[in-house]
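# Structural characterization, general
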Amino acid sequence: MTGTGAGGRTVADTEGVTDVAGVEQRWAAYFRWGPYGLLAAGAVLSLASVDVVGMTTGERYTAVALTGAAVVLQWWWGRWSRGRPPAPSVPGACYYFARWALAFALSWCNPFFAFYAAAGYVGPDRLLRGHALKAGLVATSVVIAGSQAGGMPLHGPLGWGVFGGLLCVHVTLLVVFGQLAAREEERSRIQTATITELERTNAALQQALDENAALHAQLLVQAREAGVADERRRLAAEIHDTIAQGLTGIIAQLQVVANTPDADLAREHAARATDLARHSLGEARRSVHNLAPVALAHDGLPEALEKTASEWGERTGVHTGFTVTGTVEQLHDEVAATLLRIAQEALSNTARHAHATRVGVTLSFMGDEVTLDIRDDGRGFDRTAVRQRTSTGGFGLPGMRARAERIAGSLTVESEPDLGTAVSARVPLVRHD
């Protein structure tokens, strides 16, 4: 199980570093005390086999002197190598071959001193490199093979034959294990390179994640700003489609009241102005709460469009017709509200600018689309000269187009001077949840 420690290093990384340090400490302990132990083992076995081997008095004294020299050599090496990195060096090579020479001489006195010579097999790459390493291993094999053949000097062809066979076995084992060690070293090198590359990649990935986090925060800020701007546009359009249009209608009715001497006609238009004021007040309240238009509070879109067209015709005196085609579907609130607002804006534009005598409103359900068409026989206009929003006018065609595009729809306008105007909105048919 892994975790994160101080400085961002994981517990697994810390354990790995600890394991490596532990291995190095054990290697250092062996190189300091291991040769002492092998020398002691060889000395004990040689002492026990003095009579069996047939050591002469001179060989006994020589072995004692050489053993003392080996102890001194190991003591010197321990002091010199303490605190130094384990790497091949000239002093290391001198130590290795001096130890081999002592082991060779001791094995000549008694074959059991080959235990001391076996120290040359362990970690020679920390003392030697290249050809010196190969020579050292072969020299160690000579001492071991000679001891296994019965000790030196060798006697007769049989002794030399056994020695040659044993030496071949040792050299073959050295070659095989050398190749395995080389492959393991190569594998370790590749693993080290891979780990280094992974660390570099992880660092780059972390940097990319940090950059993405900053970019994400920036995008959130931009999205909030865009949402605020879009909400402002929506509220402006809502106010324009409700309060502004209601006030326009009220003004028109009051102008009739002010200009007519007929009291009954004045009362009729005053009542219409009052109804428009109440209607606009309800729309304003619902717009503030971001609810559907008043006309959709209790009716579906077809009924709301029919009432809107009928009331607009009564207010303006323009003959207005409403038609529904296709299979009527219950639309999503946003889709229904958008189409109703477009119809209200189109009718408002017709009342202000078209001077029409007839207006037709058609709602068509066509598969996966809904189409709203508003056509009049008014004076039309030049589409290339359509004005954008001004301080005295409304949002007009750009506002209707923006509404349609907000729900992935589109709006087209066909008009020519003296040939009327046709506004067509096409939006996806999204059913009510």
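Residues numbered from 1 in each chain as written. Predicted model: local features only at pLDDT ≥ 70, side-chain atom pairs only at ≥ 80, totals over all residues. Heavy atoms only, no water.

## Structural notes on the side chain of arginine 126
Mapping arginine 126 onto the fold places it in the loop between helix H5 (114-117) and helix H6 (130-148). Residues contacting arginine 126, with those up to four places away along its chain left out, are Glu24, Trp27, Phe31, Pro86, Ala87 and Pro88. (Helix = DSSP H or I, 4+ residues; strand = E, 2+ residues; numbered from the N terminus. Contact = heavy atoms within 4.5 Å.)

## Re the packing of aromatic side chains
In this structure the tally under the stated criterion is eight aromatic pairs. Aromatic side chains tryptophan 100 and phenylalanine 104 sit 5.5 Å apart centroid to centroid with 25° between the ring planes, which places their arrangement in the stacked category. In this pair, tryptophan 100 and phenylalanine 104 are both assigned in helix H4 (residues 90-109), four residues apart and thus about one turn of the helix distant. A network of ring pairs unites the aromatic residues Trp76, Trp77, Trp80 and Tyr95 as a single cluster. (Phe/Tyr/Trp six-rings, centres within 6.5 Å; stacked < 30°, edge-to-face > 60°.)

## Here's the deal with the pairing of strand S1 (residues 319-325)
As paired elements, S1 and strand S2 (residues 358-366) share seven bridges and run parallel to each other. When the sheet's bridge partners are listed, threonine 320 is paired in S2 with valine 359. For the crossover that starts at S1, traverses helix H10 (residues 333-354) and ends in the parallel S2, the hand is left-handed. (Pairing = 2+ DSSP bridges. Right-handed = clockwise from strand over helix to strand, strands pointing away.)

## As for the packing of H4 against H6
For the pair H4 and H6, the least separation of the axes is 10 Å and the interaxial angle reads 15°. When the axes of H4 and H6 are compared, the pair comes out roughly parallel. Seen from above, H4 lies across H6 with left-handed handedness. Contact with H4, carried on its side by Tyr96, Phe97, Trp100, Ala103, Phe104 and Ser107, involves Ala132, Gly136, Leu137, Ala139, Thr140, Val143 and Ser147 of H6 and no other residues of that element. (Axes fitted to C-alpha atoms, helices over the stretch in contact; angles between N-to-C directions. Parallel < 35°, antiparallel > 145°, perpendicular 65-115°, else oblique. Left-handed = near helix turned anticlockwise from the far one by under 90°.)

## Some remarks on the environment of glycine 378
As for its position among the elements, glycine 378 is in the loop between strand S3 (369-376) and helix H11 (396-406). Distance from glycine 378 to leucine 419, taken between C-alpha atoms, is 6.8 Å for residues 41 residues apart in sequence. Sequence-distant contacts of glycine 378, that is, excluding residues within four places in its chain, are made with Ala354, His355, Ala356, Asp418, Leu419 and Gly420.

## Description of the nonpolar core
Ranked by size, the top nonpolar core spans 37 residues in total, and within it Leu301, Leu331, Leu339 and Leu372 carry the most contacts. Looking at this core, the elements that each hand over two or more residues are helix H9 (301-316), H10, S2, S3, H11, strand S4 (410-415) and strand S5 (421-428). Among the elements that take part in this core, H10 stands out by supplying 10 residues, more than any other. In contact with leucine 372, not counting residues within four places along its chain, are Leu305, Leu339, Ile342, Ala343, Val361, Thr362, Leu363, Val423, Ser424 and Ala425. Judged by nonpolar contacts, the second largest core, of 23 residues, contains Met55, Leu66, Tyr116 and Val143. (Core = buried A, V, L, I, M, F, W, Y, C linked by side-chain atoms within 4.5 Å. Buried < 20%, exposed > 50% of the residue type's maximum accessible area, 1.4 Å probe, protein only.)

## Side note on a nonpolar patch on the surface
Judged by side-chain polarity, Leu45, Val52, Val53, Phe112 and Phe115 come together as a nonpolar surface patch covering roughly 420 Å² of accessible area. Looking at the element boundaries, leucine 45 is found in helix H1 (residues 11-48). (Patch = residues over 30% accessible without salt bridge, like charges linked within 9 Å, V, L, I, M, F, W, Y side chains within 5 Å. Areas by Shrake-Rupley, 256 points an atom, 1.4 Å probe, with all protein chains shown as cover. Salt bridge = Lys/Arg side-chain N within 4 Å of Asp/Glu carboxyl O.)

## Here we look at the packing of H9 against H10
Interaxial distance between H9 and H10 falls to 10 Å at its minimum, and their mutual angle equals 15°. By the angle between their directions, the pair H9 and H10 is classed as roughly parallel. The hand of the H9/H10 crossing is right-handed. Of H10, the residues touching H9 (which contributes Leu301, Ala304, Leu305, Thr308, Ala309, Trp312 and Thr316) are Ala336, Leu339, Leu340, Ala343, Gln344, Leu347, Ser348, Thr350 and Ala351. Of the residues in the contact of H9 with H10, the class split is 11 nonpolar, five polar and no charged. (Nonpolar A, V, L, I, M, F, W, Y, C, P; charged D, E, K, R; others polar.)

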